[in-house]
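Tertiary structure, described
Each chain, written out:
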Amino acid sequence: RRVYEQLLPDLSAAAWRAVLLCARNQSFSTAAVRSALETEGIDGVAALDEAVDRGILVNDGADLAFRHPLLRTAAWEIATSEQRRRGHLALARALSETSGSMAAVWHRAEASTSSDPALAEELVLLAADSRARKGYAAASAVLERAAMLSGGADEGAELLAAAASDAFVAGDVERTRTLAQRVLDESDRPATRGTALVSLGRLELYTGSVPRAAEALTSAVSLLGGAQLIPALAGLAPARFRLRELADL
């Protein structure tokens, strides 16, 4: 990565801006990048051509891609916080015009520096879309960002609990444990704590300690009701079975 970082400072300001936008563009199309550059008065075609000539970007079929993934990483890491924020804002504007509002929500969220409950609600919708199209890991990341922007401790904890649930389904052990523990540390709402305990209990059942799984899921059952109780009981039953404690279920 240090070798690749040395290739970037020699770019012109316009080409550097183009590379930075490409580093964070998730639409897999340079159309949004060209649109963002032209909005700023930059010749997008020329800027991207320079990045290709310098060996940063390469033609990948009908579009452009980084010559190596570490070039993308290096470009984003050496950028300043302000350059990153401006990059997200530029892509948000461009994607709103070319791909619909959903494609821009994530960039708007990344550019935000303060709580924004309305944007947090948009992220919840984006999480549902991400869950269907990209998977549960992507949805978990979106929900965690929504929690940061929600503005309320209770709302944020509820979103973190949902992020932990998605992380569990995605198979991310450490992320599930970290997010769920944050909920337990920060929230005293029974339903929110119960949801986090379900994630922790199911995680322990499959990857850790069955006694700890039974303990967490038993606590979850005591906190939840209605439809929320179903996953807690569904996890507790096999835990108790493995511990030969069915009589107490």
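Everything here concerns the structure above.
Residues numbered from 1 in each chain as written. Predicted model: local features only at pLDDT ≥ 70, side-chain atom pairs only at ≥ 80, totals over all residues. Heavy atoms only, no water.

Moving on, we get to the overall build of the protein chain. Counting secondary structure elements, the protein chain contains 14 helices and two strands. Considered along the principal axes of its C-alpha atoms, the protein chain spans approximately 75 × 35 × 30 Å. Here the protein chain holds 249 residues, and the buried ones make up 42% of them. Put simply, of all contacts in the protein chain between residues at least 6 apart along the chain, 52% involve residues at least 24 apart. (Helix = DSSP H or I, 4+ residues; strand = E, 2+ residues; numbered from the N terminus. Buried < 20%, exposed > 50% of the residue type's maximum accessible area, 1.4 Å probe, protein only. Contact = heavy atoms within 4.5 Å.)

All right, on to the side chain of His-107 then. Among the secondary structure elements, His-107 is positioned in helix H7 (residues 101–111). When its relative accessible area of 2% is taken as the criterion, His-107 is described as buried. In contact with His-107, other than residues within four places in its own chain, are Arg-24, Gln-26, His-88, Leu-91, Ala-92 and Leu-95.

With that settled, consider the pairing of strand E2 (residues 63–66). Bridge count for strand E1 (residues 57–60) against E2 is four bridges, and the pairing is antiparallel. The residue bridging Val-58 from the neighbouring strand is Ala-65, located in E2. The turn joining E1 and E2, which pair antiparallel and follow one another in sequence, is formed by two residues; a positive phi near 70 degrees is taken by Gly-61. (Pairing = 2+ DSSP bridges.)

With that out of the way, let us pick up the environment of Arg-17. Here Arg-17 is to be found in helix H2 (residues 13–24). Separated by 66 residues in sequence, Arg-17 and Gln-83 have C-alpha atoms that sit 8.7 Å apart.

The subject of this paragraph is the nonpolar core. Ranked by internal contacts, the top residues of the largest apolar core, which has 33 residues, are Leu-8, Val-19, Ile-56 and Phe-66. Listed by contribution, the elements that provide at least two residues to this core are H2, helix H3 (31–39), helix H4 (44–53), helix H5 (69–78) and helix H6 (81–98). When residues no more than four places from it in sequence are discounted, the contact partners of Ile-56 are Leu-7, Leu-8, Leu-11, Val-19, Ala-51, Ala-65, Phe-66, Arg-67 and Leu-71. Counting 32 residues, the second largest nonpolar core, distinct from the first, contains Ala-109, Ala-120, Leu-123 and Leu-224. (Core = buried A, V, L, I, M, F, W, Y, C linked by side-chain atoms within 4.5 Å.)

Attention now moves to the packing of aromatic side chains. Counted according to the given criterion, the structure contains one aromatic pair. It is Arg-244 that lies over the ring of Phe-241; its NZ or CZ is 5.7 Å from the centre. (Phe/Tyr/Trp six-rings, centres within 6.5 Å; stacked < 30°, edge-to-face > 60°. Lys NZ or Arg CZ within 6 Å of the ring centre and 35° of its normal.)

Take the pattern of salt bridges next. Counting across every chain of the model gives 14 salt bridges. Between Glu-82 and Arg-85 there is a salt bridge; the shortest N-O distance is 3.3 Å. Of this pair, Glu-82 and Arg-85 both sit in helix H6, three residues apart, which is roughly one turn of the helix. A residue is classified by how much of its surface remains accessible, and Glu-82, at 40% relative accessible area, is partly exposed. Since its relative accessible area comes to 29%, Arg-85 is described here as partly exposed. Arg-182 is the salt-bridge partner of Glu-186, the closest N and O atoms lying 4.0 Å from each other. One end of the pair is Glu-186 and the other is Arg-182, both in helix H11 (residues 173–186) and four residues apart, which spans about a single turn. Take Glu-186: its relative accessible area is 52%, and that puts it in the exposed class. Salt bridges sharing partners connect three or more residues here, namely Glu-144, Arg-175, Arg-182 and Glu-186. (Salt bridge = Lys/Arg side-chain N within 4 Å of Asp/Glu carboxyl O.)

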